[in-house]
Structures are given as C-alpha cells and as structure tokens.
Amino acid sequence: MIKYLLQKEFLQIRRNAFLPRLIIMFPIMIMCVMPWVMNQEVKNIRVCVVDVDRTPQSQRIVHSIEQSRYFIFTGMKSTYAEAIADVEKSRTDVVLELRDGRALIAANAVNGTKGAMGASYLAQIVGVHQQVYSLPSPVGEGVWVKLLYNPHQNYKVFMIPALLAIVMMLMCGFLPALNIVGEKETGTIEQINVTPVTKWTFILAKLIPYWVIALFIVTACLFLSWAVYGVTCQGPLWLVYVLAMLLALFFSSLGLIISNYSDTMQQAIFVIWFFVVILMLLSGLFTPTRSMPDWSYATTYVNPMHYFIDAVRTVFIRGGGLGSIVHQLLALVVFAVVMGSWAVVSYKKNS
C-alpha cells in the first residue's frame with residue numbers, strides 16, 4: 001500500500017511546475033549568495049582624526065588608518081568639537097583624538113554594532129604604536145594566539161553549516177506544511193479518508209519524499225561548499241547526513257502537524273513561519289547563545305535547531321567524531337521521535 005502512496009506523492013511533486021525548480025534552485029542560491037551577504041564584518045567606517053600632537057608617530061597612525069580597508073578617512077579636524085559636530089551630522093562614525101601621547105576614541109553608537117566594531121578596529125591600529133601611546137596590549141606582552149579551526153578567520157567557514165540548517169528548515173518545514181492542507185482545499189484528502197489506509201502508513205508516505213529531498217539538499221550543499229569555497233567537512237561525513245536526516249524528520253513532522261490542524265494554506269504558512277523564525281533566531285545560528293539573557297538562553301534546551309547547529313559545526317569545522325556530539329544527537333533523536341509520533345496522532349482520519 002505504501003508503495004502506491006509514495007508513487008502518488010512523487011508524481012504530485014513532479015507534475016507541479018514550481019516545486020522541482022524550487023528544490024533544485026533554492027539550495028544553489030542559498031549556498032552561492034548568502035555566504036557573501038551574511039557577513040558580520042563591518043567595513044566603510046568613516047573616521048575623522050584630531051591630531052593635536054603633530055608628531056611623526058601620530059602621522060604614522062593617520063597613514064595606517066588611510067591604508068586600512070575597513071575605514072574611510074574623512075579628513076583632519078583642528079578641534080575635538082568640530083569632529084563631534086560631524087558625528088552629529090552623520091558625516092563621521094568614529095573620532096580619534098591624539099593628544100599628549102594618548103589616544104581618545106569616540107564612536108557613534110546609534111548603530112551599536114558599527115560603533116563598537118569601528119572603535120575596536122581603531123584601537124588595534126593604535127595599539128600597534130603603543131610604545132609611543134601608552135595603551136595596553138590587545139593580547140598581552142609575550143602572548144601568542146593560535147587559531148585552530150578557522151585560521152584565516154573566514155566567516156564563510158562558520159556560516160556554511162548554518163546555511164545548511166536554514167535550507168533544511170525551510171524546505172522540509174514549509175513543503176510538508178502545505179501538503180495535507182493543500183489536499184484539504186482541493187478535496188482529494190476525502191478520497192484517502194474512505195480507504196483502509198492506516199494513519200501510520202499515510203503519514204509515513206508523506207514524510208519519506210521529504211527525506212529524499214533532504215538527502216539531495218545535503219549532497220548539493222556539501223558539493224557547493226567544496227566547489228565554490230573549497231570548504232570540506234573535517235569530521236566523518238556520515239555524521240552530517242545523520243544529523244541532517246534527524247532535523248529533516250523534525251521539521252517535516254512539524255509541517256505535517258501544522259497541516260493537520262490548519263484548514264487553509266494561508267493559515268498553515270503563517271503558523272509555520274511563526275515557529276521557523278523563533279527557532280532560527282534563538283538557535284545560535286548568527287550569534288553565540290551564551291550572549292543571550294538567561295531567560296532566552298533557557299529556550300535553547302528545547303530548540304532542535306540549536307542542537308543541530310552546535311553538532312554540525314563540531315563535525316564540519318572542528319572535525320569532531322561521534323563521541324563529541326552524543327548529547328546533541330540524542331536530543332535530536334528525541335525531538336524527531338516525539339514530533340513524528342505527534343504527526344501521526346494529530347491526523348484525523350474520518351471514515
């Protein structure tokens with residue numbers, strides 16, 4: 001029985017003019033475009049300098065700022081008040097005053113990220129000349145920093161596993177959510193309800209096609225990661241597939257649950273979008289979860305996206321094995337089993 005139900009599902013996907021193109025193009029666009037866009041590196045920071053000392057050492061700092069690829073040097077000002085006036089008129093983001101062998105950095109914090117990063121970049125440049133300007137060393141004298149997992153500090157290496165999670169979440173969450181509710185709107189679901197097909201068989205036939213799609217997505221994303229960026233998995237590749245399939249089971253089950261409780265396609269889209277945004281933003285995908293307040297950090301314990309991203313980055317970037325992600329793997333298994341069972345129970349088969 002399940003053979004013919006699977007045949008029906010794949011025929012519906014193939015005959016849809018939009019879905020096959022979406023399944024192929026969406027991973028390609030995400031992997032080829034988003035790593036260049038989702039970059040938290042701050043550039044084009046406008047800097048104004050007030051050089052009261054007028055010494056060769058202060059001139060070297062000014063030249064270093066001019067040559068930096070992070071800054072746009074807006075010129076010199078004679079007084080600090082003139083420089084602050086430019087900040088108030090949004091002509092300058094950061095002001096550097098060099099006076100009496102010391103450096104004062106004032107950053108416009110209206111855009112907190114740009115102001116903080118701009119001040120940090122500028123402090124590093126000034127810190128190089130700390131033998132003249134009495135500033136503390138950024139890392140301490142005699143301390144060397146060794147970068148183990150991302151030696152070139154390339155943000156794409158950090159984001160590619162997260163983009164894999166985004167693609168899995170959107171493709172395996174939205175498509176199942178629109179499946180059953182779409183059949184409800186067209187009336188074809190009634191033809192299944194009058195057959196002796198069990199709920200387990202019906203839901204399994206709905207889930208398996210999206211697991212196949214998940215396998216294709218993972219393979220395509222890993223290939224593009226290698227072909228476009230030269231980034232490959234440092235740990236066992238099969239662990240990435242296991243983690244991806246568990247995440248696909250969770251989101252496809254979540255989509256079917258929402259579809260079971262929804263009456264219209266519009267309702268299903270709004271509900272799945274509500275859960276997707278919350279799970280994504282509170283997962284540590286963009287920023288570390290430890291920087292969250294305590295109350296929001298507590299939500300990561302029930303967020304499968306957090307476990308997946310933590311585990312896949314451990315395997316993909318740091319080269320961890322099965323022993324290093326047992327906790328995350330067990331959590332994903334529990335989430336997948338619970339949601340899969342809920343998807344079966346929530347489906348109401350009326351005879």
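Before reading on, note that the structure itself is shown above.
Here's a quick rundown of the structure.

What follows covers the overall build of the protein chain. Of the regular secondary structure elements, the protein chain holds 14 helices and four strands. Viewed in the frame of its principal axes, the protein chain has a C-alpha envelope of about 90 × 45 × 40 Å. In the protein chain, buried positions account for 45% of the 351 residues. The contacts in the protein chain between residues at least 6 apart in sequence include a share of 78% that link residues at least 24 apart.

In the Ramachandran plot, Asn 44 falls in the positive-phi region, its phi being about 55° despite a non-glycine side chain. Here Asn 44 lies in the loop between α2 (19-37) and β1 (45-51). The phi dihedral of Arg 54 falls on the positive side, at around 55°, and the residue is not glycine.

Attention now moves to the side chain of Thr 300. Along the chain, the position of Thr 300 falls in the loop between α12 (294-297) and α13 (304-316). Among the residues examined, Thr 300 registers a relative accessible area of 1% and is labelled buried. Once you skip the residues sitting within four places of it in the chain, Thr 300 turns out to touch Leu 282, Thr 289, Met 292, His 306 and Tyr 307.

A sheet is described by the order of its strands in space; here four strands give the open sequence β2-β1-β3-β4, paired in mixed fashion. Each edge of the sheet is formed by a strand with only one pairing partner; in this case those strands are β2 (71-76) and β4 (102-107). The mean inter-strand angle of the sheet, taken between neighbouring strand axes irrespective of direction, is 25°. Strand direction decides the pairing type here: strand β3 (residues 94-99) and β4, joined by six bridges, are antiparallel. Pairing of Leu 96 across the sheet is with Ile 105, part of β4.

This part is about the pairing of β2. Relative to β2, β1 runs parallel, the two sharing five bridges. In the sheet register, Val 47 faces β2, and the bridge partner there is Phe 73. Each parallel crossover has a hand, and for β1 linked through helix α3 (residues 56-67) to β2 it is right-handed.

Here the focus is the packing of helix α10 (residues 237-261) against helix α11 (residues 265-281). Axis separation between α10 and α11 bottoms out at 9 Å; the angle between their running directions is 145°. By crossing handedness, the relation of α10 to α11 is classed as right-handed. Note on element contacts: α11 touches α10 through Gln 267, Ala 268, Val 271, Ile 272, Phe 275 and Leu 279, opposite Phe 250, Phe 251, Leu 254, Ile 258 and Tyr 261. For the contact of α10 with α11, a count of residues per class yields ten nonpolar, one polar and no charged.

Counted at 1.5 Å a residue, the expected span for α10 with its 25 residues is 36 Å, and the 37 Å between its end C-alpha atoms agrees. Summarising burial for α10: 19 of the 25 residues are buried, a large majority.

This part takes up the nonpolar core. Side chains of nonpolar character tend, in soluble globular proteins, to be buried together. One finds Met 168, Ile 203, Phe 251, Leu 285, Met 305 and Phe 308 to be the most contacted residues of the largest nonpolar core, which totals 86 residues. Counting residues per element, this core draws most heavily on helix α6 (residues 155-177), which supplies 18 residues. Setting aside its immediate chain neighbours within four residues, Met 305 contacts Ala 165, Met 169, Leu 247, Phe 251, Leu 279, Ser 283 and Leu 285. Listed in part, the 16 residues of the second largest apolar core include Val 62, Tyr 70, Leu 96 and Ile 125.

Relative to each other, α6 and helix α9 (residues 199-229) sit at 155°, their axes nearing to 10 Å. Comparing their axes, α9 and α6 come out roughly antiparallel. The interaxial crossing formed by α6 with α9 has right-handed handedness. In contact with Lys 156, Ile 160, Leu 164, Val 167, Met 168, Met 171, Cys 172, Leu 175 and Pro 176 of α6, α9 contributes Tyr 210, Ala 214, Ile 217, Val 218, Cys 221, Ser 225 and Tyr 229. Partitioning the contact of α6 with α9 into residue classes produces 14 nonpolar, one polar and one charged.

Reading the values: rules and limits
- Here the residue numbers are simple positions, counted from 1 along each chain's written sequence.
- Residues qualify for local features only when their pLDDT is at least 70, as the model is predicted, and side-chain atom pairs are given and counted only at 80 or more; totals for whole chains, interfaces and linings, by contrast, use all residues.
- Processing note: side-chain calculations cover all non-hydrogen atoms of the structure and skip hydrogens and water entirely.
- Going along the chain from the N terminus, every DSSP run of H or I of four or more residues is numbered as a helix, and every run of E of two or more is numbered as a strand.
- To sort residues, take the accessible area from a 1.4 Å probe on protein chains only and compare it with the maximum for the residue type: under 20% means buried, over 50% means exposed, and anything in between is partly exposed.
- Residue contacts are counted whenever heavy atoms from the two residues lie within 4.5 Å of one another.
- Two strands are counted as paired when DSSP detects at least two bridges linking them.
- Angles run from 0 to 180 degrees between N-to-C directions of axes, and those axes are lines fitted to C-alpha atoms, restricted for helices to the stretch in contact.
- Seen with its strands pointing away from the viewer, a crossover is right-handed when the path leading from the first strand over the helix to the second is clockwise.
- For a crossing to be left-handed, the near helix must be turned anticlockwise from the far one by less than a right angle; the clockwise case is right-handed.
- Note on residue categories: nonpolar means Ala, Val, Leu, Ile, Met, Phe, Trp, Tyr, Cys or Pro, charged means Asp, Glu, Lys or Arg, and polar means any other residue, Gly included.
- Helix span, as expected, comes to 1.5 Å for every residue beyond the first.
- Put simply, a nonpolar core is a bunch of buried Ala, Val, Leu, Ile, Met, Phe, Trp, Tyr and Cys residues held in one set by side-chain atoms that sit within 4.5 Å of each other.
- Here the angle decides the label: under 35 degrees means roughly parallel, over 145 means roughly antiparallel, 65 to 115 means roughly perpendicular, and every other value means oblique.

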